[in-house]
Amino acid sequence: MDPSPRGARRRHDRRLAGTLALAVGAGLALTGTAAGTAHAADVNVAKNAGFESGLANWTCSAGSGATVSSPVHGGTAALRATPAGQDNARCAQTVTVRPNSTYTLSAWVQGGYAYLGASGTGTTDVSTWTPGSAGWQQLSTRFTTGASTTSVTVYTHGWYGQSAYYADDVSVFGPDGGGGGDPDPVVPATPAGLTAGTVTSSSVALSWNPVPGATGYHVHRDGTRVQTVTGTSATVTGLAANTSYGFQVSATNAAGESAKSATVTARTSPGGQNPNPAVPRHAVTGYWQNFNNGAAVQKLRDVQAQYDIIAVSFADSTTTPGQIVFNLDPAVGYASVADFKADIAAKKAAGKSVIISVGGEKGNVTINSDASATAFANSAYALMQEYGFSGVDIDLEHGINSTYLTKALRQLSAKAGPGMVLTMAPQTIDMQNTGTEYFKTALAVKDILTVVNMQYYNSGSMLGCDGKVYSQGSVDFLTALACIQLEGGLDASQVGLGVPASTRGAGSGYVDPQIVKNALDCLTRGTGCGSFKPSKTYPALRGAMTWSTNWDATAGNAWSNAVGPHVHGLP
């Protein structure tokens, strides 16, 4: 007896050849297609026949089976089963059948030795096999059920010591036994809700809404398929820094591929450190007017150095809901858009944040749907990329929808990264309690919110946090209304006092800079208060805001010269 590996191999080959000869002699047919006539009610009674739902409905011996995305015969998945030791990688499913009925059993196979069979038929069990192939080939046989047979086990398996086999698109075609079958798939619908999330210098994260009936999704970059996934998210890598890309996604199943989704554009980050300067602990915000209304006309380079956040007012809406653009007004005196962008870059180099403001008295940007939220995020991010804005200011004065505005801001934050500056300028009525849409939005984005500079002007009397009524123009009005935000869930660092820079800056509500300073001291130090004194101090209070840097300049920068150093000197 030859004990060598070569002798063992010869013994194994003789045993395999003898077994296969017995199988053929017993009536097992090689690859072929059986003839037969299907009735109109015939169905494929196998479930998960294409393995699109993993191994659902299938049981594989000794953990030998798994689903793979390549190679596949149809759809996006196939079975890969690997024999090992005394296990032949048998994967089986029990199907519901009708007694005294004939069924055609078939499957597409590839790879090593592959068997297909049925047992428990109540008549003659059947099997067929192939010694393997490099490409897909179909195995097929037929069986007839017994007079009382209501279920049959169908199976595939490989052969001992042989390589893995692949199987796909199994069919047990015949009369419905009451269990139904896999419905014929239809081409899935086009995916919706595609959004770009976190970006790095070399990657973009994408997500979209699930499509019923889809078993996979193709991700396309600038028209070229770059990735296939089974879930509803993907991260496209290997991208160039500071480069804009267009992404689409399509849905697939065994029936085919959907049309591509609408394109979402995302730009990778420049790389290196965050290009936006940090907002100081105590900051002064000023609105810069992109128009001439009688106030001093300024270029950004002329804005007083005390301002830490400069909100460029305003972005313009388009006919697409949620979408914004920016149009530089010739009235402000810039020779070119490039000159304006250079001023933004210079301010940022000096440690200032220049952001784009959305809304205002006449601005009306509607964000009330998933589509408009995405349009806002995409267009706002595009402006940030084009002009160098560090973030956005929300100054919508015609009503907001907190649900969709929150979605829009979160999408924008995901694109822009953690350095994005997000400010808000609600009216006093918008922040009277946590149930208002503005307050709900502020709380919903608290983790990415820089500051809420409520407008303490053009208001009239309002309730303070103690339930008393206070009139605008006083220390109490500023402190008692700020208290609502401070005790309503916002961090002190997210609360600022918004006031006009001069009597001409608003219809009503102007207060002398000394009153602003007293209110700041009252809230942060507990000194300088009026009749209302908060129960505790808020040393981290962010600071103050004014409308506008132009009206401030008109008055000789009296407001910023007085309030700016005081804000920067807070504890």
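No experiment lies behind these values; they were computed from the predicted model shown. (Residues numbered from 1 in each chain as written. Predicted model: local features only at pLDDT ≥ 70, side-chain atom pairs only at ≥ 80, totals over all residues. Heavy atoms only, no water.)

Draft legend 1. Structural detail: the overall build of the protein chain. Looking only at helices and strands, the protein chain has 9 helices and 32 strands in total. The principal-axis extents of the C-alpha atoms in the protein chain amount to approximately 105 × 50 × 45 Å. Expressed as a percentage of contacts within the protein chain between residues at least 6 apart in sequence, the contacts between residues at least 24 apart total 74%. Carbon together with sulfur atoms contributes 51% to the accessible area of the protein chain, which is approximately 23100 Å² in total. The distance from the centre of the 35 positive side-chain charges to the centre of the 35 negative ones in the protein chain is 9 Å. (Helix = DSSP H or I, 4+ residues; strand = E, 2+ residues; numbered from the N terminus. Contact = heavy atoms within 4.5 Å. Areas by Shrake-Rupley, 256 points an atom, 1.4 Å probe, with all protein chains shown as cover. Lys, Arg positive; Asp, Glu negative; His and termini not counted. Charge placed at Lys NZ, Arg CZ, Asp CG, Glu CD.)

Draft legend 2. Layout of the environment of proline 83. Examined against the element boundaries, proline 83 turns out to sit in the loop between strand E5 (78-81) and strand E6 (91-96). The buried category is assigned to proline 83, whose relative accessible area is 9%. Counting along the chain gives 383 residues from proline 83 to aspartate 466, while the straight-line C-alpha distance between them is 76 Å. Excluding its chain neighbours within four sequence positions, the residues that come into contact with proline 83 are Asn88, Ala89, Gly158, Trp159, Gln162, Ser163 and Ala164. (Buried < 20%, exposed > 50% of the residue type's maximum accessible area, 1.4 Å probe, protein only.)

Draft legend 3. Highlighting the pattern of salt bridges. This structure, assessed with the given rule, holds 10 salt bridges. The shortest N-O distance in the salt bridge between aspartate 339 and arginine 301 comes to 3.1 Å. Of the two residues, aspartate 339 is situated in helix H2 (residues 337-349) and arginine 301 in the loop between strand E21 (283-289) and strand E22 (309-313); the sequence distance between them amounts to 38 residues. Judged by relative accessible area, aspartate 339 falls into the partly exposed class, the value being 25%. By relative accessible area, which is 43% here, arginine 301 ends up partly exposed. Between glutamate 386 and lysine 341 there is a salt bridge, and its shortest N-O distance comes to 3.8 Å. A residue pair is termed long-range when its members are at least 10 positions apart, and glutamate 386 in helix H3 (residues 370-387) and lysine 341 in helix H2 qualify at 45 residues. Residue glutamate 386 is classed as partly exposed on the basis of its relative accessible area of 44%. Exposure remark for lysine 341: the relative accessible area of 27% places this residue in the partly exposed category. Connected via shared salt-bridge partners are Arg301, Asp339 and Asp343. (Salt bridge = Lys/Arg side-chain N within 4 Å of Asp/Glu carboxyl O.)

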